[in-house]
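Here are the chains, one letter per residue:
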Amino acid sequence: MPKRLFYNLFATDGFINLPTDPTGVMPRKKLYVFGFVGGLFKTQPIDNAGNPTGPVTIVNPQFDTSVPANLDALRGTAVIPSPRIDMELGDELYITLTNLGFFLATEPIFDVHTVHIHGGHVANQVDGVPETSWGVPVTPPGTPAITITYFFKPENPGSYFYHCHQEASEHVQMGMYGALIVYPSMESLAAMGITKDPATGGWFYRRSPQPQIPSTATNRNFAYNDINTFFNSDWVLLFSDIDSAWHDAVFARTGFNPVDFKPDFWLVNGRAFPDTLLPTTLPPALIPDFGYNIPDGYDSFVKVSTGNTATGKPPDKFLFRMMNLGYQPVPFHVHGWHGRIIGKDATERVTGEMNFTTLVGSGESYDVLYIAEDKRAIYADYIFCGKAGFPSLKQQVAEATARAKAAGTFIEPFPGATDLWANIILKTGLGQGTFIQPYNWAVWNYGTAAAHNFMYPQFYLAHNHDDYKVTNNGVYPGGQLIIIETDFPASDYKTTPPIITETPHACPHTPVP
């Protein structure tokens, strides 16, 4: 059933604290930013013709624009990115914009602001471009909101985004942007022959059963109105680049020439590695001196599971919604698998081109689908048992560690390391269970006695392949780097101690000559 979605967004300023080292615990770079805060205010069911079929439901009363105290509570709380907006085909989106002004700068900034839905085919009057329409003026503190509302009814599902188009060269750089995801509806899927039996939960395509799609799936497990765009999970990866000198100049009101743009930080969903491993919401004690919360829906530590041949469970399909709000192209490279491009700029790509690096230009979005295949059949024997006359990889690393120590050439991959295994997740300042409770960060596949011959979990990198952008102001690793964790489906690594139901790899029997 379609809905009217009423989002209330508030333009304001704030600060974020970017990491300057691979552990995230060294003194941070405090950065002045602009942004939108707020979110979904209320909903109302409608029919396919757009007529109301039920009452309005208030979802978040704290976003009521008629209450001055609500507005004042939101001033100065901006982060990067702005709230994620999710909707379905058939829904009507109403975005009410309130401009709270920027009062944290050295001198207050009273620019007008707009909301431009990037990729939305809308009438000029609601396109959010002040050069051809209008901008929202500042609401002074202590007064009811001065508001104007945008309307958007999407024609296609896909990965859109929105941003301020007032002085876009500066305001987008400062952080005024967010993701807007349009999912297919059950009605739009059914029109293409994709249906679900309400009694059994089984999925069908043109009346043919689709056992690979679990009964728990909904219309929000499809990227487009195509059976081949099913996924188990989708992840927004919103890329941007930061020139901290530009942000500092805006804060100080000293002026900056955009042609001098030279970024020194690169972000995924408003964060630089290692903060990309953090949940969207941090414990209050860590804010503001350590990190910062970001809106829900922007998790960048990707967790998926492999297939289970014993139970017939297929490997997870996971979708990366790559969006570039930065000013430089992003060649985003995913380790471990090729991906299939199933959409670009909110348009389905029927051909499904395969790649291992997706070049995402400024203002572009790509929907890339991956399958978390199990790699044990090819690699487990070599890693744990040895092959082709070589001892096991675990044994080789242990011997190389011992010889390097004896020769005086051993360099700790991270402080306190006793062997050559980097274990970056275990060794960073994020720590075991420190910020991401109750996850146990012990890596089980690197040869410890407790982890004998366990293949999972495994960790794969995905990163900008302009590798200098995988730094924080030149310090590697950092920047646009995320980690994908693959888990054995029947194991629970998130308890302490972990519950391991995975069977250790058994080495093949070698006949005695």
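Anything mentioned here points back to the structure above.
Residues numbered from 1 in each chain as written. Predicted model: local features only at pLDDT ≥ 70, side-chain atom pairs only at ≥ 80, totals over all residues. Heavy atoms only, no water.

Asks: Requested: an account of helix H5 (residues 376–385), with residues and values cited.
Replies: Among all positions in H5, only Ala380, Ile383 and Phe384 are buried. Angular distribution of buried residues about the axis of H5 spans 80°; they occupy a single face of the element. Trailing H5 by a residue or two, glycine 386 shows a phi angle of about 95°, which is positive. (Buried < 20%, exposed > 50% of the residue type's maximum accessible area, 1.4 Å probe, protein only. Helix = DSSP H or I, 4+ residues; strand = E, 2+ residues; numbered from the N terminus. Arc of directions from axis to C-beta.)

Asks: Outline the packing of H5 against helix H6 (residues 393–407), listing residues and values.
Replies: Packed helices, taken two at a time, are described by the angle between their axes plus the distance between the axes. Taken N-terminus to C-terminus, the directions of H5 and H6 make an angle of 35°; their axes are 4 Å apart at the nearest point. Across from Tyr382, Ile383 and Phe384 in H5, the residues of H6 making contact are Leu393, Lys394 and Gln396. Class assignment for the residues of the contact of H5 with H6 results in four nonpolar, one polar and one charged. (Axes fitted to C-alpha atoms, helices over the stretch in contact; angles between N-to-C directions. Contact = heavy atoms within 4.5 Å. Nonpolar A, V, L, I, M, F, W, Y, C, P; charged D, E, K, R; others polar.)

Asks: Outline the state of the cysteines, listing residues and values.
Replies: By the definition in use, this model includes one disulfide. The disulfide partner of cysteine 385 is cysteine 507, and the S-S distance across this bridge is 2.1 Å. Where cysteine 385 bonds to cysteine 507 through sulfur, the torsion about that S-S bond is close to -90°, and the disulfide is left-handed. Placement of the pair is cysteine 385 in helix H5 and cysteine 507 in the segment after strand E24 (481–487), with a sequence separation of 122 residues. Since its relative accessible area comes to 23%, cysteine 385 is described here as partly exposed. (Disulfide = S-S within 2.5 Å.)

Asks: Talk me through the sheet that holds strand E10 (residues 194–196); I want residue IDs and the actual numbers.
Replies: If you trace the three strands from one edge of the open sheet to the other, you get E10-E11-E12, paired in antiparallel fashion. Only two strands of the sheet have a single partner each, and these edge strands are E10 and strand E12 (208–209). Sheet topology places strand E11 (residues 203–205) next to E12; two bridges connect them, and they run antiparallel. Bridge pairing in E12 links phenylalanine 204 to proline 209. (Pairing = 2+ DSSP bridges.)

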